[in-house]
Amino acid sequence: MESMLFASSHSPSSSSALLSAQNPSFSSTASHRNQILSLFFRCPLTSRSKRHPVSCCASQQPNMAASAKEAKLWGGRFEEGVTDAVERFTESISFDKALYKHDIMGSRAHASMLAKQGLISFSDRDAILEGLDHIEKQIEKGEFVWRTDREDVHMNIEAALTDLIGEPAKKLHTARSRNDQVSTDFRLWCRDAIDTIVARIKHLQVALVSLAKKNSGVIVPGYTHLQRAQPVLLQHHLLAYVEQLERDAGRLLDCRVRQNFCPLGACALAGTGLPIDRFMTSDALGFTAPMRNSMDAVSDRDFVLELLSANSITAMHLSRLGEEWVLWASEEFGFITPSDSVSTGSSIMPQKKNPDPMELVRGKSARVIGDLVTLLVLCKGLPLAYNRDLQEDKEPVFDSVKTIIGMLEVSAEFAQNITYNRDRIQKALPAGHLDATTLADYLVHKGIPFRTSHDIVGRAVALCVYKNCQLQDLSLDELRSINAVFDDGVYDYVGVENSIKKFSSYGSTGSECVAAQLDFWISKLNLQ
C-alpha cells in the first residue's frame, strides 16, 4: 500500500506554536507532511500495551479495545445504554480516526479562543493544550487506545483528555458541537488532500513533458473514432494530456478556495449565545473566514462533492491515458514497450508481458466515480441541518483520495518507464491516407471551395484504395484525371512529413507550434 496522506499546511502542530503566533499563516514542513502521509495510509498504529494492534488506516477494520463500557458523554437523559448491535452499527472510530490530527488542531484553536474570551481560564487552556499534545504523541507512537464505546474520533480524544487532565477537559466542548467539529475537521483534511493531489498531478505532468522532450520529431497517427485521421507529432499528443491535467489541478484549487471557510462555532445548528470569537478560530486554522450561516455550516457537504467530482474527472482522464497506453502496448499497435519494472506476467502463458498498472488505472477510475455517486445519493434527501447520514461521507472520500493519488503516482511511474518504438510507428504511418486533409487544403489554396476539394480528394483516395497505394504515389496525370487544377506543387502537401510542415494555426500539430507548446510547459513546470 502506498504511503500517502496529508498533513495540515495552515495550522500549528503544537500548542506552543498556537500560543506564540495567532495568525492565519501557518505552514508545515515537507517532513511533517510525509509523517502524516505515512501514518494514514501505511503505518499501523500498534499498541504497546497488551491490547490488540490498532490501525489508523481508513480502509481497515481494527480490533478495538475490549474495555468495559463507560457512560456516554451525551448520556445524561438516558436511563439505559445502547445495545452492542447499535454500538457496532453506529461507531465511526474504525475510519474517522484518520481525522485525529485535524481534530486536535481544531481543539487547540477552540481552547485558545475560549480562554481569550474569558470562557475558560488560561490555566485550563494550558492544561488542555498540554493534554492534547500528549494525546497526539501517543497516537503517533501507536500507544493510544481507540475505543468503540467512545464512538468517534472526537469523543475518543475528548474522553482521553478528561482521563488525563480531569475537570479542565470538560470545558473544551463549550460553544461547540460535534456537528461543527466534524465539519471543521473534514474541511481541514480535504484541504490537505487537495494540496497532495495537486502535487501528484504536477509530478505526472513533469513525467509526460519529459517523455515528450525525449521524442522530438516523432510523428504518430492521430485518431478519431479510433480510425486513422491525420498525422500528429507525438509531443503534441502527449501535451494534450498535460493540458487535461492542468484543468484537473485548476478544478481542485477552485474547490479549495470555496471550501476554505470555517464552520467552527456554528455549534449544533443555531450558533451560541456565549461570547465566542469565530474569526479568531478561523484565522488560527488558516481559513479565509467563518461560514456566514450556522445551519449551512453544519449541514453543507458541497466541499466534499466538489472534491470527489474533481477527482472523478481526473480519474476519467487517467483512464483515457491508461486505455491508450494499453492499446499501444499491444502487438496490434506495438507503438510502445513498457519496461519490465512496470509490467506483469501470466500464471499460465510464459510469453505474456502485460501493462497491468495502466489497466488498473483504467479500472480504478470506476471506484473514484462510484465514490462521487455514493455521496450524491447520500446527500440528496437530507433536510436541514445535520443528519447522522453524514457520518457515511468519510469512507468514500478517504477511498477517492487514496485511489486518485495511487493512480497519479503509478501513471507517472509508467510514463518514466516506456519506450516509443519509432521504427514500428514509422512503418505504420502510410496506412490510412493521413495526408488527405492536407491535400484538400492544397486545393483550397488553389481557389477550390472546401466542399468541392473534399469531394476531389475523396475520389483520389478511392483511386489509391483501388491501386493499393498512397496519395503521394499517384502520378500527376492520375491526379489531373480527377481534376485539372493539380500541378507539381501538390507533392509538397502529400506524405505525413509534408503534412506536418503545413500545419500552422495556433495550437496545431505543426513543428513550430508544438515547439512553442513544449517551451511553455518546460517553463511552467520549471524543467529548464
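What you are looking at is a predicted structure, and each value in this text was computed from that prediction instead of being measured.

(A) Region of interest: the overall build of the chain. The number of helices and strands found in the chain is 20 helices and six strands. In the chain, which comprises 528 residues, the share counted as buried stands at 52%. Nonlocal contacts in the chain, meaning residues at least 24 apart in sequence, comprise 76% of its contacts between residues at least 6 apart. Split by element, the accessible area of the chain, about 24000 Å² in all, is 52% carbon and sulfur.

(B) Region of interest: the nonpolar core. Core analysis: the biggest nonpolar cluster contains 93 residues, and Trp325 and Tyr420 have the highest contact counts within it. In terms of residue count, helix 8 (residues 178-213) provides more of this core than any other element does, 14 residues in total. Not counting residues up to four positions away in its chain, the partners in contact with Trp325 are Leu208, Leu211, Ile336, Met358, Ser411, Phe414, Ala415, Ile418 and Tyr420. Ile456, Leu474, Leu476 and Tyr493 belong to the second-largest nonpolar core, a separate cluster that totals 21 residues.

(C) Highlighting the confidence of the model for the chain. With 86% of its residues at a pLDDT of 70 or more, the chain shows a mean pLDDT of 89. Low pLDDT (under 50) marks residues 1-63, which in the prediction has 173 contacts with non-local residues, meaning those over four places away or in another chain.

(D) Region of interest: the packing of helix 5 (residues 100-116) against helix 8. Look at helix 5 against helix 8: their axes get within 9 Å of each other, and the N-to-C directions meet at 120°. Relative to helix 8, helix 5 is oriented oblique. Crossing handedness for the pair helix 5 and helix 8: right-handed. In contact with His102, Asp103, Met105 and Ser107 of helix 5, helix 8 contributes Gln181, Asp185, Leu188, Trp189 and Asp192. Split into classes, the residues belonging to the contact of helix 5 with helix 8 amount to three nonpolar, three polar and three charged.

(E) A look at a nonpolar patch on the surface. On the surface, Ile369, Val373, Leu376 and Val377 cluster together into a nonpolar patch covering about 320 Å² of accessible area. Note that Leu376 resides in helix 13 (residues 356-379).

(F) Focus on helix 17 (residues 450-467). Taking 1.5 Å per residue, 18 residues should reach 26 Å; helix 17 reaches 25 Å between its end C-alpha atoms and fits that length. Taken together, the buried positions of helix 17 are Ser453, Ile456, Val457, Ala460, Val461 and Cys464. Projection of helix 17 onto a plane perpendicular to its axis shows the buried side chains occupying an angular sector of 140°, all on one side. Opposite the buried face of helix 17, by more than 90 degrees, sit the exposed residues Arg451, Val465 and Tyr466. Buried residues along helix 17 sit against helix 16 (436-445) and helix 18 (476-482).

Conventions we followed
Residue numbers here run from 1 along each chain, matching the order of that chain's written sequence. Per-residue local features of the predicted model are confined to residues with pLDDT of at least 70, and side-chain atom pairs are confined, for both listing and counting, to 80 or more; whole-chain, interface and lining totals are unaffected and use all residues. For the side-chain quantities, the full set of heavy atoms in the structure was used; hydrogens and water were omitted. The numbering of helices and of strands both runs from the N terminus, where a helix is a DSSP run of H or I of at least 4 residues and a strand a run of E of at least 2. In this scheme, a residue with accessible area under 20% of its type's maximum is buried, one over 50% is exposed, and one in between is partly exposed, where area comes from a 1.4 Å probe on protein chains only. Contacts are residue-level and defined by heavy atoms, with any inter-residue pair within 4.5 Å sufficient. Each accessible area is a Shrake-Rupley estimate made with a 1.4 Å probe; only the visible protein chains count as cover when residues are assessed. As used here, the term nonpolar core means buried Ala, Val, Leu, Ile, Met, Phe, Trp, Tyr and Cys residues forming a set that is joined through side-chain atoms within 4.5 Å. Along the chain, pLDDT gives the predictor's confidence residue by residue, from 0 to 100. Here the axes come from fitting lines to C-alpha atoms, over the contacting stretch only for helices, and the angles between their N-to-C directions go from 0 to 180 degrees. Oblique is the label for every angle not falling under 35 degrees (roughly parallel), over 145 degrees (roughly antiparallel), or within 65 to 115 degrees (roughly perpendicular). For any pair of crossing helices, the crossing counts as left-handed if the nearer helix is rotated counterclockwise from the farther one by less than a right angle, and right-handed if it is rotated clockwise. Polarity classes work like this: nonpolar for Ala, Val, Leu, Ile, Met, Phe, Trp, Tyr, Cys and Pro, charged for Asp, Glu, Lys and Arg, and polar for all others, with Gly in that last group. In this scheme, patches are assembled from residues that exceed 30% relative accessible area and form no salt bridge. Like charges are connected within 9 Å, while nonpolar side chains (Val, Leu, Ile, Met, Phe, Trp, Tyr) are connected within 5 Å. Salt bridges are defined as contacts in which a side-chain nitrogen from Lys or Arg sits within 4 Å of a carboxyl oxygen from Asp or Glu. What a helix should span is 1.5 Å times the count of its residues minus one. What the arc measures is the spread of directions leading from the helix axis to the C-beta atoms.

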